[in-house]
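For reference, the chains in residue letters:
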Amino acid sequence: MTHARDNFLAWLRAAHAMEEQAITTLTAQSRRIESYPDLKTRIVQHLHETEEHAQALKTLLDHFSATGGVSAIKDIAAKLAAKAQGVGGMLTSDEVVKGAMASYAFEHMEIASYRVLIAAADELDEMEAKTVFERILGEEIAMANWLEANLDAITRIFLMRDERDLMAKR
């Protein structure tokens, strides 16, 4: 099962890079969202969870990888992509809505990634890793569910405020 283990490690490295990207994105979002307190609170909460995810994945990588861990190039690329996304969002007036949409999609990418890792860990009889992935999956599902439940309200509040701001400029 050497090839299966290689795939497992590649998916684990990709998940770690994904969590590093999420940290950068969530940090940028949390700094810019002021007038949406519920969204900001949930983003900050998920940022702390995501930092724990990244650390748990790094610990697993260090355990499994003979080279000692994470691909520095992949981590740098993920961080640069997240910074570019954050800068791009700063240029739009509807950043909060687009950010919520992007976060919702990103959460589902993470959910898929952890489902793959759970299956691979199960196949390789890596029960400790499987337990870590299942815990993280639960938190990713909770964030996706929160975004789904709140996307309507975030959009409506944005539209109301945008209309109000337009009227105030006239």
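Because the structure is a prediction, the values reported are computed rather than measured.

Peer 1: So what's going on with the nonpolar core? Residues and values would help.
Peer 2: Phe 8, Leu 12, Leu 57, Leu 60, Tyr 114 and Phe 133 are the most contacted members of the largest nonpolar core, which has 23 residues in total. At the level of elements, α1 (2–32), α2 (37–64), α4 (95–123) and α5 (127–169) are the ones that each hand at least two residues to this core. What Leu 57 contacts, discounting residues up to four positions off in sequence, is Leu 12, Ala 15, His 16, Glu 19, Tyr 114, Phe 133 and Ile 136. Residues Ile 33, Tyr 36, Ile 43 and Val 97 belong to the second largest nonpolar core, which totals 16 residues.

Peer 1: Before we move on, could you go through the environment of Val 97 and cite the residues and values that matter?
Peer 2: Assignment of secondary structure puts Val 97 in helix α4. Sequence-distant contacts of Val 97, defined by excluding residues within four places in its chain, comprise Ile 154, Thr 155 and Phe 158.

Peer 1: Can you break down the packing of aromatic side chains residue by residue, with the values?
Peer 2: With the rule as written, the count across this model stands at three aromatic pairs. Ring centres of Phe 8 and Phe 64 lie 5.4 Å apart, and the angle between their planes is 85°; on these two criteria the pair is classed as edge-to-face. One end of the pair, Phe 8, is in helix α1; the other, Phe 64, is in helix α2, and 56 residues separate them in sequence. With a relative accessible area of 16%, Phe 64 lands in the buried category. Consider the rings of Phe 8 and Phe 133, whose centres lie 6.1 Å apart with planes at 65°: the pair is edge-to-face. Here Phe 8, found in helix α1, pairs with Phe 133, found in helix α5; they are 125 residues apart in sequence, far enough to count as distant. When its relative accessible area of 0% is taken as the criterion, Phe 8 is described as buried. Residue Phe 133 is classed as buried on the basis of its relative accessible area of 0%. Members of the aromatic cluster, each reached through a chain of ring pairs, are Phe 8, Phe 64, Tyr 114 and Phe 133. Taking the ring centre of Tyr 36 as reference, the NZ or CZ of Arg 161 above it sits at 4.6 Å.

Peer 1: Kindly report on the packing of α1 against α5, identifying the contributing residues and their values.
Peer 2: Remark: α1 packs on α5, axes separated minimally by 14 Å, with the N-to-C direction vectors making an angle of 35°. Viewed along their axes, α1 and α5 form a crossing whose handedness is left-handed. Judged by residue contacts, Phe 8, Leu 12 and Glu 19 of α1 engage Ala 129, Phe 133, Ile 136 and Glu 140 from α5. Among the residues forming the contact of α1 with α5, the class breakdown is five nonpolar, no polar and two charged.

Peer 1: Could you give me a rundown of the packing of α4 against α5, with the residues and numbers involved?
Peer 2: Across the interface, α4 lies against α5 with an axial gap of 8 Å and an inter-helix angle of 160°. Between α4 and α5, the crossing angle belongs to the class labelled roughly antiparallel. Note that α4 runs across α5; the crossing there is left-handed. In terms of residue class, the contact of α4 with α5 is made up of 22 nonpolar, three polar and eight charged.

Peer 1: So what's going on with the confidence of the model for the protein chain? Residues and values would help.
Peer 2: Averaged over all residues, the pLDDT of the protein chain is 87; the fraction at 70 or higher stands at 84%. Per-residue pLDDT stays below 50 along residues 86–91; that stretch engages in four contacts with residues further than four places along the chain or on separate chains.

Peer 1: Kindly report on the environment of Leu 124, identifying the contributing residues and their values.
Peer 2: As for its position among the elements, Leu 124 is in the loop between α4 and α5. Its relative accessible area of 13% is what places Leu 124 among the buried residues. For the pair formed by Leu 124 and Phe 8, sequence separation is 116 residues and the distance between their alpha carbons is 8.7 Å.

Conventions we followed
- Residues numbered from 1 in each chain as written.
- Predicted model: local features only at pLDDT ≥ 70, side-chain atom pairs only at ≥ 80, totals over all residues.
- Heavy atoms only, no water.
- Core = buried A, V, L, I, M, F, W, Y, C linked by side-chain atoms within 4.5 Å.
- Buried < 20%, exposed > 50% of the residue type's maximum accessible area, 1.4 Å probe, protein only.
- Helix = DSSP H or I, 4+ residues; strand = E, 2+ residues; numbered from the N terminus.
- Contact = heavy atoms within 4.5 Å.
- Phe/Tyr/Trp six-rings, centres within 6.5 Å; stacked < 30°, edge-to-face > 60°.
- Lys NZ or Arg CZ within 6 Å of the ring centre and 35° of its normal.
- Axes fitted to C-alpha atoms, helices over the stretch in contact; angles between N-to-C directions.
- Left-handed = near helix turned anticlockwise from the far one by under 90°.
- Nonpolar A, V, L, I, M, F, W, Y, C, P; charged D, E, K, R; others polar.
- Parallel < 35°, antiparallel > 145°, perpendicular 65-115°, else oblique.
- pLDDT = per-residue confidence, 0-100.

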